[in-house]
Structures are given as structure tokens and as C-alpha cells.
Amino acid sequence: MTVERCDAILLGGGPAGLAAAERLAAGGMRVVLLEADEELGGLAKSFCQDGKWIPMTYHHVMGIDTVTHAYLKRFGLWDSMVWKGIKVVFWFHGRAYPLTQPWHILGFAPLTWLERLRLVRFGVVCYLKKDWHAFDEVRSDEWIERMLGRRAREAIFEPLAEMEFGTPLSAVSSGWLGYRLHESARNRDRYGYPAKDLKTLIDGIASAVEKAGGRIMRGVEAVGVGRGTVEAVGRGGERYRLEAPRIVSAVPPEILARIHAEPGRLDPELSTIRYRPLVCMCFGSRRLISPHYWNVFMEPVLHFGGIFNHTALFPEGGARGEYVYYLFSYADEDSPLYRESEEGLAEIYLADIRTICPGFEYLWRRIFKIPFSTPRYGLGYRNPPIESIYPGLFHAGVYRRYPCTRTMHTALLSGCETAAAVLKKG
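Residues numbered from 1 in each chain as written. Predicted model: local features only at pLDDT ≥ 70, side-chain atom pairs only at ≥ 80, totals over all residues. Heavy atoms only, no water.

Chemist: Sorry if this is basic, but what is going on with the overall build of the protein here?
Modeler: Along the protein, the regular secondary structure elements total 13 helices and 21 strands. Taking 2.2 N^0.38 as the reference for a compact globule, 426 residues should give roughly 22 Å; the C-alpha atoms of the protein span a radius of gyration of 22 Å, in line with that estimate. Along the first, second and third principal axes, the C-alpha atoms of the protein reach 65 × 50 × 45 Å. Among the 426 residues that make up the protein, the fraction classed as buried is 58%. When contacts within the protein are restricted to residue pairs at least 6 apart in sequence, those whose partners lie at least 24 apart make up 67%. Split by element, the accessible area of the protein, about 17500 Å² in all, is 52% carbon and sulfur. Of note, the protein has its 53 positive side-chain charges centred 5 Å away from the centre of its 48 negative side-chain charges. (Helix = DSSP H or I, 4+ residues; strand = E, 2+ residues; numbered from the N terminus. Rg over C-alpha atoms; globule rule 2.2 N^0.38 Å. Buried < 20%, exposed > 50% of the residue type's maximum accessible area, 1.4 Å probe, protein only. Contact = heavy atoms within 4.5 Å. Areas by Shrake-Rupley, 256 points an atom, 1.4 Å probe, with all protein chains shown as cover. Lys, Arg positive; Asp, Glu negative; His and termini not counted. Charge placed at Lys NZ, Arg CZ, Asp CG, Glu CD.)

Chemist: What is the right way to read the layout of surface pockets from this model?
Modeler: The gaps left among the atoms become clear once a water-sized probe is rolled over them. Size it by volume and the second largest pocket reaches roughly 210 Å³. E162, M163, V301, L302 and H303 are the residues nearest the centre of the second largest pocket, which is lined by 13 residues in total. When residues of the lining of the second largest pocket are traced back to their parent elements, those giving at least two are helix 6 (150-165) and strand 19 (323-330). The leading source of residues in the lining of the second largest pocket is helix 6, at 3 residues. For the lining of the second largest pocket, the residue count by class is 9 nonpolar, 3 polar and 1 charged. (1 Å grid on protein atoms, 1.4 Å probe; cavity = no way out; pocket = protein on both sides within 12 Å on 5 of 7 lines; lining within 4 Å. Points joined across faces, edges and corners; volume = space filled by probe spheres on them. Nonpolar A, V, L, I, M, F, W, Y, C, P; charged D, E, K, R; others polar.)

Chemist: Would you explain helix 1 (residues 15-26) in this entry?
Modeler: In an α-helix, one turn spans 3.6 residues, which is why side chains three or four residues apart end up on the same side. Over its 12 residues, helix 1 extends 16 Å from the first C-alpha to the last, a length consistent with the 16 Å expected when each residue adds 1.5 Å. With 10 of 12 residues buried, helix 1 is to be regarded as a mostly interior element. Within helix 1, the full set of buried residues consists of P15, A16, G17, L18, A19, A20, A21, E22, L24 and A25. One or two steps after helix 1, the chain reaches G28, where phi turns positive at roughly 100°. (Expected span 1.5 Å × (residues − 1).)

Chemist: Which parts of the structure should I look at to understand the side chain of K45?
Modeler: Tracing the backbone shows K45 in the loop between strand 3 (31-34) and strand 4 (46-49). Here the side chain of K45 touches D37 through a polar contact of 2.6 Å, side chain to side chain. Those residues in contact with K45 that sit more than four places away from it in its chain are D37, E39, L40, P55 and M56. (Polar contact = N/O pair within 3.5 Å; in protein donor to acceptor, adjacent residues only side chain to side chain.)

Chemist: Explain the packing of helix 1 against helix 8 (residues 198-211) here, please?
Modeler: The description of two packed helices rests on the angle between their axes and on the distance between the axes. Between helix 1 and helix 8, whose axes approach to 8 Å, the crossing angle comes to 30°. Classified by the interaxial angle, the pair formed by helix 1 and helix 8 is roughly parallel. In this structure, helix 1 meets helix 8 at a crossing whose hand is left-handed. Contacts between helix 1 and helix 8 involve L18, A19, A21, E22 and A25 on the former and, on the latter, I202, I205, A206, A208 and V209. A per-class count over the contact of helix 1 with helix 8 returns 9 nonpolar, no polar and 1 charged. (Axes fitted to C-alpha atoms, helices over the stretch in contact; angles between N-to-C directions. Parallel < 35°, antiparallel > 145°, perpendicular 65-115°, else oblique. Left-handed = near helix turned anticlockwise from the far one by under 90°.)

Chemist: Hey, could you run me through the pattern of salt bridges in this one?
Modeler: Oppositely charged side chains may form a pair once their charged atoms are brought near each other. Summed over the entire model, instances satisfying the criterion amount to 27 salt bridges. Of the charged contacts, one joins R153 and E145 as a salt bridge, the two residues approaching to 2.6 Å between their closest N and O atoms. Classification of R153 as buried rests on a relative accessible area of 12%. (Salt bridge = Lys/Arg side-chain N within 4 Å of Asp/Glu carboxyl O.)

Chemist: Help me understand the packing of aromatic side chains, please; the structure alone is not making it clear to me.
Modeler: Centre-to-centre distance and the angle between the planes together describe a pair of aromatic rings. Considering all chains together, one arrives at 34 aromatic pairs under this definition. Ring geometry for W294 against F308: centres 4.9 Å apart, planes inclined by 45°, an arrangement best described as tilted. Within this pair, whereas W294 is found in strand 17 (residues 294-299), its partner F308 is found in strand 18 (residues 306-309), the two being separated by 14 residues in sequence. Each member of the pair, W294 as well as F308, is classed as buried. Directly above the ring of W132 sits K129, whose terminal nitrogen or CZ lies 5.7 Å from the centroid. Above the plane of the ring of Y390 lies R227, whose end atom (NZ or CZ) is 5.8 Å from the centre. (Phe/Tyr/Trp six-rings, centres within 6.5 Å; stacked < 30°, edge-to-face > 60°. Lys NZ or Arg CZ within 6 Å of the ring centre and 35° of its normal.)

Chemist: Please explain the side chain of R246 as it appears in this structure.
Modeler: Along the polypeptide, R246 turns up in strand 15 (residues 246-249). An unpaired buried charge is present at R246: no salt bridge exists, and D7, the closest side chain of opposite charge, is 4.5 Å distant. Here the side chain of R246 touches D7 through a polar contact of 2.8 Å, landing on its backbone oxygen. Contact partners of R246, with chain neighbours within four places excluded, come to D7, A8, I9, M29, G392, F394, V422 and G426.

Chemist: Would you mind showing me how to read the pairing of strand 15 here?
Modeler: For a regular strand, side-chain orientation follows a simple rule: the groups alternate between the two sheet faces. Side chains of strand 15 alternate between two faces, with R246 and V248 and I247 and S249 buried alike. As paired elements, strand 2 (residues 8-11) and strand 15 share 4 bridges and run parallel to each other. Residue pairing for strand 15: L10 is matched across the bridge by V248. In the sheet, strand 15 pairs with strand 21 (residues 393-395) via 3 bridges, with the strands oriented parallel. Of the residues in strand 21, the one forming a bridge with S249 is H395. (Pairing = 2+ DSSP bridges.)

Chemist: What am I meant to see in the packing of helix 4 (residues 113-128) against helix 5 (residues 140-148) here?
Modeler: Running from N to C, helix 4 and helix 5 cross one another at 125°; their axes reach a closest spacing of 9 Å. The angle between helix 4 and helix 5 falls in the class oblique. Contacts between helix 4 and helix 5 involve R118, L119, R121, F122 and C126 on the former and, on the latter, W143, I144, R146, M147 and L148.

Chemist: Please explain unusual backbone geometry as it appears in this structure.
Modeler: Among all residues except glycine, the phi angle is most often negative; among peptide bonds, the trans geometry is most common. Note that the residue after E299, namely P300, is joined by a cis bond; omega there is -5°. Looking at where P300 falls in the secondary structure, it is placed in the loop between strand 17 and strand 18. A cis amide bond links Y402 to the next residue, P403, at an omega of 10°. Structurally, P403 is set in the loop between strand 21 and helix 13 (408-425). Of note in the backbone geometry, D50 takes a positive phi value of approximately 55° without being a glycine.

See below:
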């Protein structure tokens, strides 16, 4: 077994772990980052299709994502950004209804005129209200029905919660839902994507870690985390014992609990945090399904919640001029959909797509089953602290930035915050 000593060990090579590692290395610490996959990036990692690097899951940069903007500028990607005015559209029986502006709501036929006016008023309230913590213990279904009525709850928000958030509306905190609607209202239509691809940003941060003297180990499985130690197995079966006075966990709490030697001594907030699995299919086609970037399918109910037309945001998304799409389904790991084979999933999804776009065919497809896609922001959700009650352990990741939404901005911000706390601790 190889024994190595350093100043800080980081678990997880997603944006939060990479940001923390880069800040710590730049601050003079000797860092070692462990990543289980060969490709860095977590949910922001990419795959190569016909010589083109394409994100594994849909990604966009919003106008309010100031931390992401700073990283794009640092790594020479800002000038290559493609910015578009886009619409989020909701499909009801073959018709797309945009709901990104107040006047769009007035044309939303599935609701009565009175319900539309109430929805406009609701949008204004969400836009103006900034602090939603007083609603953290309030059930969203009750809140929505009180504000908008039963039909709006049943026709829009209940299916939206299942499709977009991966959980029943009754289990969603009104504090989190309200904050998310507030953020959506602040950034109604300005989205961007780096023309040099997202992988360039991830690789840029990783390169900065290594230039500052840090070490990144890919394809490594952490098999045991203790006080100041991490035992790991490398891609070739070699075994390592890493020792450091500081360990930064940028992996989901459920993973940390599995590999930690003393899970019962970890922060109590961690034991309540659960993630929702996701099935995501990225595929290319010559057929245009929808000209809109963000499509949410409400009625009829399909096996997927929405389709993102990546090339509506970034026209050069495909290597051969094809449209590039993402569709997604939240599904528990023991559900029939998640347990389905890739071939079976492709057939299920193809049948659904053909109800929207008859005669549709793929050029290529990739299916990813992601067991830890998003925290379930339920009633009374509590952020764990940056510095754990367990000696020498620190936390980073979107799961500790409630009520912020799961974005690259949130992950990068969390990594930077944690690194600052570690450096201050000394």
C-alpha cells in the first residue's frame, strides 16, 4: 500500500470539488482530489460523439449565474459564449404555451381568465419576494391551491413537481418552490452556452489545480474515510492510504455515509438528505421535434418530463449538423423505468417522441442512469454546515446551498465557500 501525506484530500471531481481543490491549491495547500470516474465534471461531464464533446446532461448558463461567469472569464471562454433569448414552453395536447413573460400567461388557454389573472399576480409576488425561509415548513400543494386554486394546482404544478423536481408537490417545501420561481422570474429568457464546449471549462479548472501543485486521481474508488485518512483503490487495483488534516467531501451525503468509518458521528443533517435518481437520454437527429429550447410536456403524460433542444441554444451542438436533444425522467432506482435496459428505454422513449413527432428516428443516442441527480428538497430541509462536527471534515456541494437550485453556479459557489472556510481555519 502506498502512503501519501498532503494538506487536504477532496472527494469528488464535480464542479464543487474542483472549485474547492483549485482554491486550496492556489492558497498554497498540497491537495489530492479523488474522482471515481475517468471523466471529471460530475453531472457536468461530457462524452465524445463523432469527435464532438457533448455534456452528459443538459446545461446552460443563466444571466444571473455570476460565479459561473467569473470562471468562464478566467479560463478564456467568456468571449465565445453564445447567448440566446429562449422560452420555456408547456405542451398541452400538441400546443406549446410559453410562460416566460406575464403576457404569455394571459394567452394560456388551459386556465380560465380568472385563473390566468391569479397566475399573473402570483408571478409578480414570486418575482418581488426574496426571502422564502418563512415558507420552509409549508406544503406546496396547500400553498398553490390557496394562491391559485385547485385547477392550477392539478393542471400545472402537480405534474410540474413530478417532472421537474422529481417529487410530489405535497412533499415540496413552499420555501424552496417559491425561491425557485423567484429565480426563474429574475432570469426569464437569457441563456448561454460556451462555444468551446463545457468540457473546456472543466478541464481548465482541473489544469489549474495541477499547475498549482495539486494532484487529481481519476478512476479511484474511496473505500474508507476516517479521521484524517482516506483509503482508496486505483484504476489498476493499486491501494493507497492518503493522510491529511483536512478532508473535503463533495460527494452526496449518502455516498459519504457508505464509505465513512464512523457514519453515526457525522452531522445529523446529512442523514435526512436523499437524492432523486434520473434517467437522461441525449440523442441526435435530423428531425426537428420542437424549435424551443425548453419543452415541458404536461398533457398527455409521457414517460419523460421534458425535452431540451440543445441546438436551439447552441446551433453547433452536433458534430454533423444534427439537432441534439436531451430528455429526462425522474425515477426511483427500484422503479420499472429505471430498471429497464437501455434498449428497452430507447424503445419506450422513441414511442413517446413519435406521438409528438411522427416518423422520428435517431442518428445516435446515449442513455445515462444517474442515481444521485438532485437533492429532494422536502419540508424542513436543513443545510449541513461547511465545517462538520466530525474533526477535520468539510462539506461542499449543491446539497448544502438550499434554497438555491441545482446549477453549476451553485456547485462552484459552494466549492469556493468551503475552500475559503478551510483556508481560514488554517
